[in-house]
Structures are given as C-alpha cells and as structure tokens.
Amino acid sequence: YKGKNLTDLSASELRDIRRHIQIIFQDPYSSLNPRMTVGDAILEPMNVHGVLNNVKERKERVHELLQRVNMQPDHFRRYPHEFSGGMRQRVMIAMAIACDPELLFADEPTTALDVTVQAQVLELLSELRERLGMAMVIVTHDLGVVAGHTDKIAVMYGGEIVEMASTPDLFANTKMPYTEALMESIPRLDRKRGDRLPTIPGSPPDPIAARTGCGFAPRCRYATDKCRNEHPELTDAGNGHMYRCFFPIGGK
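Quick summary incoming for the structure in this document.

The rules behind each value
- Residues numbered from 1 in each chain as written.
- Predicted model: local features only at pLDDT ≥ 70, side-chain atom pairs only at ≥ 80, totals over all residues.
- Heavy atoms only, no water.
- 1 Å grid on protein atoms, 1.4 Å probe; cavity = no way out; pocket = protein on both sides within 12 Å on 5 of 7 lines; lining within 4 Å.
- Points joined across faces, edges and corners; volume = space filled by probe spheres on them.
- Nonpolar A, V, L, I, M, F, W, Y, C, P; charged D, E, K, R; others polar.
- Pairing = 2+ DSSP bridges.
- Helix = DSSP H or I, 4+ residues; strand = E, 2+ residues; numbered from the N terminus.
- Axes fitted to C-alpha atoms, helices over the stretch in contact; angles between N-to-C directions.
- Phe/Tyr/Trp six-rings, centres within 6.5 Å; stacked < 30°, edge-to-face > 60°.
- Buried < 20%, exposed > 50% of the residue type's maximum accessible area, 1.4 Å probe, protein only.
- Lys NZ or Arg CZ within 6 Å of the ring centre and 35° of its normal.
- Salt bridge = Lys/Arg side-chain N within 4 Å of Asp/Glu carboxyl O.

Here we take up empty space enclosed by the protein. This structure, assessed with the given rule, holds one cavity of 30 Å³ or more. Partitioned by chemical class, the residues of the lining of the largest cavity number 11 nonpolar, no polar and no charged.

Here you go:
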C-alpha cells in the first residue's frame, strides 16, 4: 500500500494505515456487536483513530453518516436486530466511511441480500465512491455484480490472478478459460426455462499444496499436457489486458 509491504509494519504503523483502508464484510449481522447501538458502532472507529475532538462533533458526524447512507438520524439509538439485512449493511458502510478512507474493500457485500436491496446497496457504494473520491475493491464470485460497478476486473484462481483487464475489455475479449466458464455460469433471461445452469466440473486446488502446471488445468476443457506440466506466466494482450494461459480463447 503506497509502496509499503503491510506484512512488515508494526502494530502501531498498521493502526495508522487502517484509518485509510476500511472493509465492509459479507454478513453485517455477524459483524455488528449486538450489544452496541448503531450510533456507538459508527462512533467506535472515530474514537479509535481520533477523528474529531469532542463528543458533540462526533455525534453530529454520525448523524451525517446515517443520512449519507439513506438512514434516519434517530436510528442512532437503535440496535442491529431492529433492522433488516439491507439496513444493517448500510450501517456497515457508514462505519467503513466514518474516517474518510482512501481505499474501501467490499467483501461479497450483497450476497445475503435480495436482488432489489442488492441493487440499492451497490448503487450507494458507487455513489459514495465518486462523492468521497476513494478507491474501491469489490471481492465477489458474481461477475454480474462487478459488470456495472467497476472500472477494472482481476479474476483470481488458485491464489493467483489469471486474467485482468478493464471491465468492458474483459467481457468483450475474454482470454482465460476460467473467466469464460464463470461467464457461462451467470443466469440469463434468454435461457430456456428448465435448462440447467452451466457449472465448472471438479474442485479448486488446495491453496497450500505444491503444484506444477496451470492451476485450472484439471478442470479446463482446453487443457493439454503442456498446461498440466508447465506454469503459465501472465501475458500482455495489449491495453493492459493480462492473462495466464498457453492457449487463450481467440488466440493471442
């Protein structure tokens, strides 16, 4: 982060950096303390990082944050169990932006939500990203989620990036067979009713086991002996489009 290896930093140095890097977790209900009111939960990161100097200013800041995520200021004194899943996720977003982070991670932020609320939360995140001028990384298995809310996509498999490109380029010029298989697995309205959703056979590799060859080779429909015995490096297809495959879709 900004040229620093985070694994080399001390506890105090990491604490300083955490003010600038925040995260929204997948399940807000298990991430929120059931004994703390919503207001106290949002206040906590500001207290830890010394944001604003007095209690009155901090409470005013909490009211502002609640309004920013489309909640009412009087929600300040309510508890997590009093809210729906979508509202609890909004509380998590307010906590995450309380210290004006430069980088926000959203770890499967909409998995536990229904489709309508999912769209609302994603729209809110995109709006806050632009308004606050922060970078945002969405971690998800759902390419449909990132399609309309990202500038760039990095597809990972077996603990490494296997394809990376701008969002339009990745969808238009897919190179990696794993990316292709993920896209085929997205539910589509034009599929016939009753058709089985395509899946990827087999299982992902053990992330800590030593292996040779391409990690996706055992599950890849195009794999050859070369794929199973040699490890492909990232190749540049131009315009920043990188892929890790000996036999990319559509050729080089």
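Let's shift gears to the sheet that holds strand β2 (residues 103-107). Backbone-to-backbone hydrogen bonds join strands into a sheet, with any given pair of strands oriented parallel or antiparallel. Here three strands make up an open sheet; going across it, the order is β1-β2-β3 and the pairing parallel. Of all strands in the sheet, those with a lone pairing partner are β1 (21-24) and β3 (135-139), marking the two edges. Taking the axes of each pair of neighbouring strands and ignoring which way they run, one obtains an average angle of 20° across the sheet. As paired strands, β1 and β2 are joined by four bridges and run parallel to one another. Of the residues in β2, the one forming a bridge with Ile-23 is Phe-105.

Another aspect to go through is the layout of surface pockets. For the largest pocket, the calculated volume is near 650 Å³. Looking at the largest pocket, it is lined by 24 residues, and the ones nearest its centre are Ile-138, Val-139, Thr-140, Ile-153 and Ala-154. When residues of the lining of the largest pocket are traced back to their parent elements, those giving at least two are β3, α7 (143-147), β4 (152-157) and α9 (177-184). The biggest single contributor to the lining of the largest pocket is β4, with six residues. Grouping the constituent residues of the lining of the largest pocket by class yields 14 nonpolar, six polar and four charged. Taken as a whole, the second largest pocket encloses approximately 270 Å³ of empty space. Lining the second largest pocket we find His-141, Asp-142, Leu-143, Tyr-157, Tyr-178, Leu-182, Ser-185, Ile-186, Pro-187, Ile-200, Pro-204 and Arg-219.

What follows is about the packing of aromatic side chains. Within the structure shown, the criterion is met by three aromatic pairs. Note on Tyr-157 and Phe-216: the rings are 5.1 Å apart at their centroids and 80° apart in plane angle, and the pair reads as edge-to-face. One end of the pair, Tyr-157, is in strand β4; the other, Phe-216, is in the loop between α9 and α10 (225-229), and 59 residues separate them in sequence. By relative accessible area, Tyr-157 is classed as buried at 6%. Looking at Phe-216, the relative accessible area reads 3%, which means it is buried. One aromatic cluster is present, built from ring pairs that chain together Tyr-157, Tyr-178 and Phe-216. Across from the ring centre of Phe-83, 4.7 Å away, lies the NZ or CZ of Arg-78, which sits over that ring.

Counted under the stated rule, the structure contains 10 salt bridges. Note that Glu-64 is salt-bridged to Arg-61, the shortest N-O span being 3.4 Å. Here Glu-64 pairs with Arg-61, and both are found in helix α4 (residues 55-68), just three residues apart, close to one helical turn. The buried category is assigned to Arg-61, whose relative accessible area is 10%. Of the charged contacts, one joins Arg-131 and Glu-127 as a salt bridge, the two residues approaching to 2.3 Å between their closest N and O atoms. Separated by four residues within a single helix, Arg-131 and Glu-127 lie in helix α6 (residues 115-132), roughly one turn from each other. On the basis of relative accessibility, which here comes to 45%, the residue Arg-131 falls in the partly exposed class.

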